[in-house]
Amino acid sequence: MSSLNLVPASTEDYRRIAERKLPQFLFDYLDGGSYAETTLRANVSAYQKIKLKQTVLKDVSAVKTGVELFGTPYGMSAGLAPIGMGGMYGARGELQAKAAADALNIPFTLSTVGICSLEEVAQVSDKPFWFQLYMLKDRGAVQQMLQRAQGVGVDTLVFTVDLAVLGARYRDKRNGLSGGTSLAGRVRTAMNLAGKLSWIRSVGLGGKPHTFGNLAEYVPNASRPDDFQAWITQQVDASVTWKDIEWLRGIWPGKLIVKGILNSEDALEAVQVGADGIVISNHGGRQLDCVDATIDILPEIKAAVGDATAVLLDGGIRSGQDIFKAYALGADFTLVGRPWVYALAAGGKQSITELLTTFKSEIEISMALTGITQSHEINPSVIRTRA
Ligand code: GLV
């Protein structure tokens, strides 16, 4: 977009507005990946290499993007991925995102390290939402969190397994996020905030309290990525194995989705322990750099598990056409991460709703121009090449 005064039309447009509005350290935490960000870029560029087969003169006067997942009908094959600290990107950001997801009839996933708590999100509407959790050293805390989730009607647990240790994120390091309370750290924060008046007003002051709502008793003050990093280092259990997932399966009565799968062997293990779904994910290129782009590894993993578990995918989705391509290559569902937070930072609930509406219409257009009217008719034959 050449001028920031134009109406935003694409994810990139919302990203540019978010960059202008947010303090640099928050924009970088969201936008960045680990190491040289090779996987972050590959996730996105892999979609651009997938060519579609246009098919004309079919009756495409009524195109329907709806799909079913776990017996629940959704407006399209995409939900909102869990993102930590959403409430630092818009005032009570998770609530705004939940409302936008409700409007499109798609699921919202609350992160363990969301600013808003499970109970607060549940106030938005009666529509169930999903909850993301890590394996904590304190299994009692895990059980307590699951009980709280169940208590507010969460029906689907997204269990993240690719964060035993945190990938090194150079942008965060450069922004001086460790030792943030030192004099140098405070000066950097002040410089970061200069010129971000609307953010200071609406989020910095208007969006309090800034704490990890679900963890308020463990982490009293949490508004910066280094608070998140410190908590991960202290609390996330790096000794977790499939046995622990089996334990989790035994105590969680709802749907269980294991997030962070990148090879067929792990996917089959997930099936073995009774996961209802997996998310093929490289954590948005934020963990191990130089792994496969998720869309590239999807066909192989889908071939390995077949219909034994639902196959979800995240990473790199920036348009409805990307969602369409993922569905065509075998994903039962996708999760959209950074785009919803760019839109949140750009214009709150309204912008998220607009972006999701754009995604839905891009799926409709992709379907219409490949001669398809129902989601279940989308299959690999709409893909021309993937090289
Ligand atoms: C959290 O999950 C992160 O990637 O920062």
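Look above for the structure.
Okay, so let's go over this structure. Note that the structure is predicted; figures quoted are calculated from it, not measured.

This part covers the overall build of the protein chain. Assigned secondary structure in the protein chain consists of 15 helices and 12 strands. Expected size for 387 residues packed as a compact globule is a radius of gyration near 21 Å; at 20 Å, the protein chain falls within 12% of this value. Along the longest, intermediate and shortest principal axes, the C-alpha atoms of the protein chain span 65 × 55 × 40 Å. Counting across all 387 residues of the protein chain, residues that qualify as buried make up 49%. Partitioning the contacts of the protein chain with sequence separation of at least 6, the portion at a separation of at least 24 is 71%.

Moving on, we come to unusual backbone geometry. Cis rather than trans, the peptide bond between K208 and P209 has omega equal to 5 degrees. Tracing the backbone through its elements, the reader meets P209 in the loop between helix 9 (197-205) and helix 10 (225-235). For E37, which is not a glycine, the phi torsion comes out positive at approximately 60 degrees. Here E37 shows up in the loop between helix 2 (24-31) and helix 3 (38-48).

Moving on: the sheet that holds strand 5 (residues 109-110). Strand pairs in the sheet, formed through backbone hydrogen bonds, run parallel or antiparallel to each other. Read from one edge to the other, the open sheet built from 8 strands follows the order 4-11-10-9-8-7-6-5, with strand pairing classed as parallel. Strands at the two margins of the open sheet, each flanked by one partner only, are strand 4 (78-80) and strand 5. Summarising the sheet, strand 6 (residues 130-133) and strand 7 (residues 156-160) pair through 4 bridges and their orientation is parallel. Each bridged residue has a counterpart across the sheet, and for W130 the counterpart in strand 7 is T156.

With that out of the way, let us pick up the pairing of strand 9 (residues 277-280). Each regular strand shows side chains that alternate between the opposite faces of the sheet. Side chains G277 and V279 project from strand 9 onto one buried face, and the interleaved I278 and I280 project onto a second face that is buried too. Inspection of the sheet shows strand 8 (residues 255-261) paired to strand 9 by 4 bridges, in the parallel sense. Residue pairing across strands places I261 opposite I280, the latter belonging to strand 9. Across 4 bridges, strand 9 lies against strand 10 (residues 310-314) in parallel orientation.

With that settled, the discussion passes to helix 4 (residues 93-104). Helix length check: helix 4 (12 residues) gives 17 Å between terminal C-alpha atoms against 16 Å at 1.5 Å per residue, within 8%. Across the 12 residues of helix 4, 9 count as buried, placing the element largely inside the fold. Within helix 4, the full set of buried residues consists of G93, E94, L95, Q96, A97, K98, A100, A101 and L104. Turning to helix 4, the residues buried within the fold contact strand 4, strand 5, helix 5 (118-122) and helix 15 (338-369).

The next thing to look at is the nonpolar core. Counting 108 residues, the largest nonpolar core has I257, V258, I278 and I280 as its most contacted members. Top element by residues in this core is helix 15. It accounts for 13 residues. Ignoring anything within four residues of it in the chain, the contact list for V258 reads F159, V161, I245, A270, A275 and I278.

This brings us to the packing of helix 4 against helix 15. How two helices sit against one another is set out by the angle between their axes and by the gap between those axes. Contact geometry of helix 4 with helix 15 gives a least axis separation of 10 Å together with a crossing angle of 10 degrees. With respect to each other, helix 4 and helix 15 are oriented roughly parallel. Facing helix 4, whose interface residues are G93, Q96, A97, A99, A100, A103 and L104, helix 15 presents W340, L344, G348, K349, I352, T353, L356, T357 and K360. By residue class, the composition of the contact of helix 4 with helix 15 is 9 nonpolar, 5 polar and 2 charged.

It is the contact of helix 12 (residues 264-272) with helix 13 (residues 294-305), at a shortest axis distance of 9 Å, that shows an interaxial angle of 40 degrees. Between helix 12 and helix 13, the crossing angle belongs to the class labelled oblique. Helix 13 is crossed by helix 12, and the crossing has right-handed handedness. In this structure, helix 12 contributes S264, A267, L268 and V271 to the contact, and helix 13 contributes E300, I301, A304 and V305. Taken together, the residues that form the contact of helix 12 with helix 13 break down as 6 nonpolar, 1 polar and 1 charged.

Let's shift gears to the environment of T241. For T241, the position within the fold is in the loop between helix 10 and helix 11 (242-251). Separated by 80 residues in the primary sequence, T241 and V161 have C-alpha atoms spaced 9.2 Å apart.

This part is about helix 10. Along helix 10, the residues classified as buried are P225, D226, D227, F228 and W231. At its buried positions, helix 10 is contacted by helix 2 and helix 7 (170-174).

Its location among the elements puts T211 in the loop between helix 9 and helix 10. Residue class for T211 comes out partly exposed when judged on the 19 C-beta atoms lying within 10 Å of it. Considering only alpha carbons, one finds T211 and T72, 139 residues apart in sequence, at a separation of 32 Å.

Moving on to the environment of F359. Mapped onto the secondary structure, F359 falls in helix 15. Sequence separation of F359 and G204 is 155 residues, and the distance between their C-alpha atoms is 30 Å. Contact partners of F359, with chain neighbours within four places excluded, come to A78, S319, G320 and I323.

Rules and cut-offs
- Residues numbered from 1 in each chain as written.
- Predicted model: local features only at pLDDT ≥ 70, side-chain atom pairs only at ≥ 80, totals over all residues.
- Helix = DSSP H or I, 4+ residues; strand = E, 2+ residues; numbered from the N terminus.
- Rg over C-alpha atoms; globule rule 2.2 N^0.38 Å.
- Buried ≥ 20, exposed ≤ 12 C-beta atoms within 10 Å, placed from the backbone.
- Contact = placed C-beta atoms within 7 Å.
- Pairing = 2+ DSSP bridges.
- Expected span 1.5 Å × (residues − 1).
- Core = buried A, V, L, I, M, F, W, Y, C linked by C-beta atoms within 7 Å.
- Axes fitted to C-alpha atoms, helices over the stretch in contact; angles between N-to-C directions.
- Parallel < 35°, antiparallel > 145°, perpendicular 65-115°, else oblique.
- Nonpolar A, V, L, I, M, F, W, Y, C, P; charged D, E, K, R; others polar.
- Left-handed = near helix turned anticlockwise from the far one by under 90°.

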